[in-house]
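Chain by chain, the residues run as shown.
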Amino acid sequence: MSKTILITGATSGIGKACAEKFAAAGWKLIITGRRNERLQQIKADLNREFGTDILTLCFDIQDKNAVFAAVDTIPQEWRQVDVLLNNSGLALGRDYFDEADIGDWDIMLNTNVHGLVYMSRAVLPLMIQKQQGHIINIGSTAGKEVYEKGNMYCATKHAVDAISKAMRIDLLRHNIKVTALHPGAAETEFSQVRFKGDTEKAAAVYDGFTPLQPEDIASTVFYCACLPAHVCINDLVITCTQQANSFYMNKKS
Ligand code: NDP
Ligand code: 8X3
């Protein structure tokens, strides 16, 4: 029987690449995001290419009631969720702590932290029932080191790091694996979102080095998800070769 992965934020970037990777390997997909046209397009494309069974759930992960309501609508035949990939997330702005927009901070906290825990709590009963499952949380190198003007984004990703450790401990008794995967710079819509549509600023982030592509991260997520039942990657940092961590980059001018 095909396994099922639920991917949050599958409308773009890392989430979309993961949807493609797991679909190509014959998994069933539950994909989420706020942009319904994109969800429908991805569903049609992957169904045509791989014959994948796909369920789409369109909601804002910041909205606790919407998260629980969406998970409640999952039909019985889809409730065997093997892997939950908590991927939805964003950075907004890159400003000094004393100058940053507090509204941006609220959105990052609500999405990257609250959204991730709401989703996990909503899906966990499906895993606990069968005493089996795997939660993969997408953190960041920003969750390992804090950098200038990264303040609240870094804080949310440090929270993802801590929550992943906490979940791993508390879910031991239910035989549920928890993996935290922390990517460095990856070329997705991330910087366009962070710089609010300023395409020049967004493109400049990737000047002078070859960043990760979303497919690189998807292959790593897939590797973690396909390990034998008794093996769990707990914590994994992945960067491009020209990046050591949040501070050190070997950029070519
Ligand atoms: P993208 O902007 O390409 O994708 C972000 C995804 O998150 C979209 O599918 C978006 O869907 C979803 N999302 C954002 N806000 C919400 C919301 N309120 N409700 C539901 N879904 C939401 O960026 P990436 O693929 O790069 O980002 C994916 C994850 O990877 C994030 O957690 C990010 O922090 C992390 N990351 C990214 C790195 C990078 O350099 N790109 C490096 C390290 C970590 P929609 O807009 O349709 O709702
Ligand atoms: C995204 C990587 O360096 O912009 O999480 O924080 S970075």
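Here we summarise the structure given alongside this text. Small disclaimer: the values here were computed from a predicted structure and weren't measured.

**A closer look at the pairing of strand β3 (residues 54-58)**
On a regular strand, one side chain projects to one face of the sheet and the next to the other, so that they alternate.
Thought 1: Among the five residues in β3, four count as buried, and that is most of the element.
Thought 2: In this structure, strand β2 (residues 28-33) lies alongside β3, joined through five bridges in parallel fashion. The residue of β3 that forms the bridge with L29 is I54.
Thought 3: Handedness of the crossover joining β2 and β3 through helix α2 (residues 36-50): right-handed.

**So, the nonpolar core**
Thought 1: Residues I5, C18, F22, L29, I31, L85 and V221 are the most contacted members of the largest nonpolar core, which totals 34 residues.
Thought 2: Elements supplying a minimum of two residues to this core: β1 (4-7), α1 (13-24), β2, α2, β4 (83-86), β5 (133-138), α8 (214-225) and β7 (235-238).
Thought 3: With residues near it in sequence (within four places) discarded, F22 still touches I5, W27, L29, V221, F222 and A225.

**Re the site of ligand 1**
Thought 1: Every one of the 30 residues lining ligand 1 counts as a neighbour, but T11, S12, R34, Y153 and T188 are closest to it.
Thought 2: Here a nitrogen atom of ligand 1 sits 3.0 Å away from a polar atom, N or O, in the side chain of S88.
Thought 3: Residue A186 places a main-chain N or O atom 2.8 Å away from an oxygen atom belonging to ligand 1.
Thought 4: Judged by its atoms lying within 2 Å of the grid points, ligand 1 is housed in the largest pocket.
Thought 5: Those elements that place two or more of their residues in the shell around ligand 1 are α1, α5 (151-170) and α6 (190-194).
Thought 6: Across the shell around ligand 1, the residue classes break down as 11 nonpolar, 14 polar and five charged.

**Concerning α8**
Along an α-helix, residues three or four apart share an orientation, since each turn contains 3.6 residues.
Thought 1: Taking 1.5 Å of rise per residue, the 12 residues of α8 would be expected to cover 16 Å, and the 16 Å separating its terminal C-alpha atoms lies within 8% of that figure.
Thought 2: In this structure, the buried side of α8 is in contact with α1, β4, β5, β6 (176-183) and β7.

**Examining the site of ligand 2**
Thought 1: Near ligand 2 the following residues occur: S140, A142, Y147, Y153, F190 and R194.
Thought 2: Side-chain polar atom of S140 to an oxygen atom of ligand 2: 2.6 Å apart, as the coordinates give it.
Thought 3: The side chain of Y147 places a nitrogen or oxygen atom 2.6 Å from an oxygen atom of ligand 2.
Thought 4: In the complex, 81% of the free accessible area of ligand 2, which totals 240 Å², lies under the protein chains.
Thought 5: When each cavity is represented as a set of grid points, ligand 2 is found to reside in the largest pocket.
Thought 6: Classifying every residue of the shell around ligand 2 by side-chain character gives four nonpolar, one polar and one charged.

**Concerning the layout of surface pockets**
Thought 1: Of the voids in this model, the largest pocket is the one considered here, and its volume is about 1,200 Å³.
Thought 2: In terms of lining, the largest pocket is formed by 48 residues, of which the most central are L90, Y153, T188, F190 and S191.
Thought 3: In terms of residue count, the dominant contributor to the lining of the largest pocket is α6 (four residues).
Thought 4: In terms of residue class, the lining of the largest pocket is made up of 19 nonpolar, 21 polar and eight charged.
Thought 5: Empty space within the second largest pocket amounts to approximately 370 Å³.

Reading guide: rules and limits
- Residues numbered from 1 in each chain as written.
- Chains lettered and ligands numbered in written order.
- Predicted model: local features only at pLDDT ≥ 70, side-chain atom pairs only at ≥ 80, totals over all residues.
- Heavy atoms only, no water.
- Buried < 20%, exposed > 50% of the residue type's maximum accessible area, 1.4 Å probe, protein only.
- Helix = DSSP H or I, 4+ residues; strand = E, 2+ residues; numbered from the N terminus.
- Pairing = 2+ DSSP bridges.
- Right-handed = clockwise from strand over helix to strand, strands pointing away.
- Core = buried A, V, L, I, M, F, W, Y, C linked by side-chain atoms within 4.5 Å.
- Contact = heavy atoms within 4.5 Å.
- Near = heavy atom within 4 Å.
- Polar contact = N/O pair within 3.5 Å; in protein donor to acceptor, adjacent residues only side chain to side chain.
- 1 Å grid on protein atoms, 1.4 Å probe; cavity = no way out; pocket = protein on both sides within 12 Å on 5 of 7 lines; lining within 4 Å.
- Sits in = over half its atoms within 2 Å of the grid points.
- Nonpolar A, V, L, I, M, F, W, Y, C, P; charged D, E, K, R; others polar.
- Expected span 1.5 Å × (residues − 1).
- Areas by Shrake-Rupley, 256 points an atom, 1.4 Å probe, with all protein chains shown as cover.
- Points joined across faces, edges and corners; volume = space filled by probe spheres on them.

Remember, this is a structural readout, not a statement about activity or role.
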